[in-house]
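Residue-level structural notes
Listed below are the residues making up each chain.
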Amino acid sequence: MESLDPRVQRLNIKQDGKDFPEKPELDQWITYEVFVQLVEDKPFRHEGIVHACDLDMAFILAKEQFTRRYTCSGIAVVATHEIWVSPLTEDQESVLDMDPSDWPDAGKEGNYEVCLLYRRGKQHEHAGQIQANSSKDAFRMTAEAYPGDAKPIYNVWVIPTDKFRFSTPEEKEIWDTLPEKRFREAADYKAGDKLTNFKNAIK
Amino acid sequence: MYGGGSIFETPKTDTLKNEDPVKIAAFEARIARGEKIEPNDWMPELYRKQLIRMIEQHAHSEIIGALPEGTWITRAPGFKRKLALMAKVQDEVGHAQLLYSAAETLGKPREAMIEDLINGKSKYSNVFNYPAFTWADSCFISWLVDAGAIVNQLANAKGSYGPYCRALDRICAEESFHLKYGHHCVIHMATGTPIQRKMMQEAINRWWEPMMHFFGPPDKISVHTEILMNWKVKMASNDECRNQFLDMYVPKILELGLTIPDPELRKDPDTGQWVYTEPDWEVFKKVINGDGPCNAERLAVRRTAEERGRWVRQALTRPDSIYVMPLA
Amino acid sequence: MKQEALKELLYKMADDQLILGHRNSEWTGMGPLLEEDIAFSSMAQDKVGHSLVMYQMLHQLGENDPDTVAFMRHADQFHNCQFVELPIGEYDFSLMRHFLFDHGELIRFELLAGSSYEPLSLAAKKLKGELRYHKMHADVFIKKLGNATEESITRMQRSLDYAFPFAMGIYEPSPFEESLIEDGVFKGENHLKDLWLESMTKVLNETELKIPDPEAVKPVVGGRTGKHTEHLQPLLDEMAEVFRVDPTAEW
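Just so you know, these numbers come straight off a predicted model, no measurement behind them.

Basis of the calculations
- Residues numbered from 1 in each chain as written.
- Chains lettered and ligands numbered in written order.
- Predicted model: local features only at pLDDT ≥ 70, side-chain atom pairs only at ≥ 80, totals over all residues.
- Helix = DSSP H or I, 4+ residues; strand = E, 2+ residues; numbered from the N terminus.
- Rg over C-alpha atoms; globule rule 2.2 N^0.38 Å.
- Buried ≥ 20, exposed ≤ 12 C-beta atoms within 10 Å, placed from the backbone.
- Contact = placed C-beta atoms within 7 Å.
- Nonpolar A, V, L, I, M, F, W, Y, C, P; charged D, E, K, R; others polar.
- Axes fitted to C-alpha atoms, helices over the stretch in contact; angles between N-to-C directions.
- Parallel < 35°, antiparallel > 145°, perpendicular 65-115°, else oblique.
- Arc of directions from axis to C-beta.
- Pairing = 2+ DSSP bridges.

Let us look at the overall build of chain B. Per the secondary structure count, chain B includes eleven helices and two strands. Against the compact-globule benchmark of 20 Å for 328 residues, chain B has a radius of gyration of 20 Å, which places it among compact chains. Considered along the principal axes of its C-alpha atoms, chain B spans approximately 65 × 60 × 35 Å. Burial analysis of chain B (328 residues in total) assigns 55% to the buried set. For chain B, long-range pairs separated by at least 24 residues make up 81% of all intrachain contacts whose partners lie at least 6 apart in sequence.

Following this line, the structure appears as structure tokens:
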């Protein structure tokens, strides 16, 4: 049948799909991990990924995919391949108790951002910045600084600070009107009265 | 939004033969403890394959699902509807993005999935192969197709794969807007002018059978795979989901003075189960296999979108970029 | 303050925003990649939202309610520039229009933040954060595509050349310019145009794209006085198709 969508009608497309070229498997942009800070003073939390061609693009695309509702006071993005990832532990075993000697290392002296996984199945949270000689060194320093009696940490991500794009304080205004985007929220669609009146009328 | 049911093919369980029984035991113990499986954990190949297929089909259903309602995006009546429908269709695209990302953590690149969709190698929910003739059809979809999807998704959100569950939590939160918006629309149509009421009733009549198909074939004729249930890949049976949907929404349709085109439809007070005329499963099969009213259009639109956007992606693709699977 | 002048200003802004938001929503579900599909849709929603704020302001000034104003007028009653009513075309054109329009729109809102008409200055202050994002978004895409491959540069250049005379038409002076300036409502289209040229030139200078000479280009005007291309009336008919089934009904 012919399309009922005027937008599709304007495209004048063929429906049979012949002559459509196959594309190479990895014809895609790389992935960037996205962290969101819902309100000031809360940690940045990992929310997902975007595909982008670079950090600037990742930033503007992450903004609408991950922060188009409720509140937001900042986002941060980093290319997936820039992240140093520790092993993942389970149950009561903390990854911070493990000996990292045999693990691969990355990076040189500088500042690193450390993200921790506090509960399996949940998201990583940004814990802070540390000056270290390498990613693994940053892990070691985190393990040493972490209180021994605290709950286990299941996974650690270490990210060179200069690869992490945080929103700047001046950029905050791009989220100014977010709480007023009421049309994206369930609470804006109340029709209970209309329904009650209708039911009373047909009784 | 998504209707799962048994559009998945049956897995071949003999692939398990090659797996290490000690690793399987540890894997199953983790699931039994209620812990999530994460991308870097060891998992059986069968689990990985089945999840990729399921999440991928779910993602396809979202991106294709943007099209039937998209039919009305430029014609939504009034500011409130215009803004809401734009945001709603946008959410469907957003859900596809989240789901493709979750599937990607299992090792299949997103473009490979999209390629499989537009070449017809991969399936999506059947319900989106039907046309949205009037504004009322878009109201039906927003309310009831999304309601059906929520039933499915809430069940799947309790599954075992971490990235999929997290994506579903986000999706379900957004679906509550879809559901309320859709109900709001239908209430306005049903309690409105005679023309509006008539439009709404006609939409229900058109969509009822696809809606019953939505949850997949009845349990008695669809294949059960114990192992996928144990691994918390499949969380609820087709009939359970359908029954739950009928339980929640039939009364809400009837209270609006609308009728449902099934004279047999009633709840059996003894069993608590709904009795209904079995929808035509031959039609279901035919549509799934490509012969529905809109299959060709839906894929053609996706293909065209891919084609028209290719120059943007190609211009900015860096040959030296390092592709790795996303982390969580 | 002269109300007629204020209304003219509000109408042309609202109509620009509504029509461009409507046009850009045509991409929703069909964008060049999933993330961009979402971002572009958000900006279209922002635009329609801005027009609603303006129509509400007009309603306060005694005009009809926003739905009636937006969905029941005929093309010759619309004050939008012709630029925004052009079909979406290929993505290069939609992006270039977004870039050219939103550079001006952000500056317009920054100027209006200092307006003597308080409702307008409040709205402008509140909404300019959204436009800041629109500009960020446009700049990222223009800078990249304007420097990438031969195909992308050619496409963007072609779109720029085609769009530019229309974009100049955004700043078609109103018959009330002097009164608006005098009353401190708005600094005027000419002033805005100069700032706009400066702002977008700065970005385009970082690309391979060549900006047409503004002195040599004849701006496409007429939209502000209700003269439109053949594209506007069909757009309005489509937009109001359901609404006009029964304009008194609640949808």
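Counting its secondary structure elements, chain A contains four helices and eight strands. Seen in sequence order, chain A has helices and strands lined up from the N terminus as α-β-β-α-β-β-β-β-α-β-β-α. Against the 2.2 N^0.38 benchmark of 17 Å for 203 residues, chain A shows a C-alpha radius of gyration of 24 Å, more extended than a compact globule. Oriented by its inertia axes, the alpha-carbon framework of chain A measures out at about 70 × 55 × 40 Å. In chain A, buried positions account for 38% of the 203 residues. Long-range pairs, those at least 24 residues apart, make up 65% of the contacts in chain A with a sequence separation of at least 6.

Our focus in this paragraph is the environment of B:Arg30. Counting through the fold element by element, B:Arg30 comes out in helix α1 (residues 21-32). Sequence separation between B:Arg30 and B:Lys252 is 222 residues, and the spatial gap between their C-alpha atoms is 40 Å. In contact with B:Arg30, other than residues within four places in its own chain, are A:Glu90, B:Glu35 and B:Ile37.

Although it is not a glycine, A:Asn12 adopts a positive phi angle of roughly 50°. Its location among the elements puts A:Asn12 in the loop between α1 (6-11) and β1 (30-37).

Moving on: the interface of chain B and chain C. Tallying the contact residues gives 35 residues for chain B and 43 residues for chain C. At the level of elements, α2 (45-70), α3 (79-104), α7 (194-214) and α11 (295-316) of chain B are the ones that each hand at least two residues to the side of chain B that touches chain C. In terms of residue class, the side of chain B that touches chain C is made up of 19 nonpolar, eleven polar and five charged.

Quick look at the packing of helix α6 (residues 162-190) of chain B against α7(B) now. All names here are of chain B. At a closest axis distance of 7 Å, the pairing of α6 and α7 adopts a crossing angle of 125°. Considering their axes alone, α6 and α7 lie oblique with respect to each other. Along the contact surface, α6 presents Val-186, Met-189 and Ala-190, while α7 presents Gln-196, Arg-197, Met-199 and Met-200. In the contact of α6 with α7, the residues fall into five nonpolar, one polar and one charged.

With that out of the way, let us pick up helix α10 (residues 232-239) of chain C. Residues and elements named next belong to chain C. Of the residues making up α10, those classed as buried are Leu-232, Leu-235, Leu-236 and Met-239. End-on view of α10: buried residues confined to an arc of 95°, all on one side of the axis. For α10, the secondary structure elements touched by its buried residues are α1 (3-25), α3 (66-72) and α4 (82-85).

Here we take up the pairing of strand β7 (residues 155-160) of chain A. Residues and elements named next belong to chain A. Counting buried residues along β7, six of its six residues qualify, which places the element largely inside the surrounding structure. Alternating residues of β7 divide into Asn-155, Trp-157 and Ile-159 and Val-156, Val-158 and Pro-160, and every residue in both groups is buried. With two bridges connecting them, strand β4 (residues 84-85) and β7 associate as antiparallel partners. Among the inter-strand pairings, Trp-84 is bridged to a residue of β7, identified as Val-158. Direction of pairing for strand β5 (residues 110-117) relative to β7: antiparallel, over a ladder of six bridges. Its bridge partner lying in β7, Tyr-112 is registered against Pro-160.

By themselves, these are just geometric observations and shouldn't be taken as functional.
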